[in-house]
Amino acid sequence: MNEKEKKKLQSQIGDNVLKEIVPRINELAHKAKKEGLTEVEKIERAELRKKYVARFRDNFKKQVELMKVYDKNGNEITSDKVKKIQRHKGLRDD
């Protein structure tokens, strides 16, 4: 399995994880508003939220690392830190 196939598989796995996490978070939120949660459910909700936030941050970081920023004149103004990461990942030739 090459790197591209591996990343695609990881992406699909992550999407399935979110498909399981989000409905359960919402279910617990509705229950919390209606009748309250048990201590076990509160712990579960906290863990699910941590997983969701970690996944969100990871996805956001990946998006930023792939981004190139240009000014009004068409000059690239991408930060040096992001350029370095892009070079390390083989996304830049310069």
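Residues numbered from 1 in each chain as written. Predicted model: local features only at pLDDT ≥ 70, side-chain atom pairs only at ≥ 80, totals over all residues. Heavy atoms only, no water.

Let us now look at helix 2 (residues 39-66). Over its 28 residues, helix 2 runs 41 Å from end to end, which matches the ideal 40 Å to within 8%, given 1.5 Å per residue. Inspection of helix 2 places Glu-41, Arg-45, Leu-48, Arg-55 and Glu-65 among the buried residues, and these make up the whole buried set. (Helix = DSSP H or I, 4+ residues; strand = E, 2+ residues; numbered from the N terminus. Expected span 1.5 Å × (residues − 1). Buried < 20%, exposed > 50% of the residue type's maximum accessible area, 1.4 Å probe, protein only.)

Before going further, it helps to examine the pattern of salt bridges. With the rule as written, the count across this model stands at 10 salt bridges. Notably, a salt bridge pairs Lys-42 with Glu-39, separated by 3.6 Å at the nearest N-O pair. Taken together, the residues Lys-42 and Glu-39, both in helix 2 and three residues apart, mark about one turn of the helix. Classification of Lys-42 by relative accessible area gives partly exposed; the value is 36%. Residue class for Glu-39 comes out exposed when judged on its relative accessible area of 54%. (Salt bridge = Lys/Arg side-chain N within 4 Å of Asp/Glu carboxyl O.)

Don't take any of this as a statement about function, it's just geometry.
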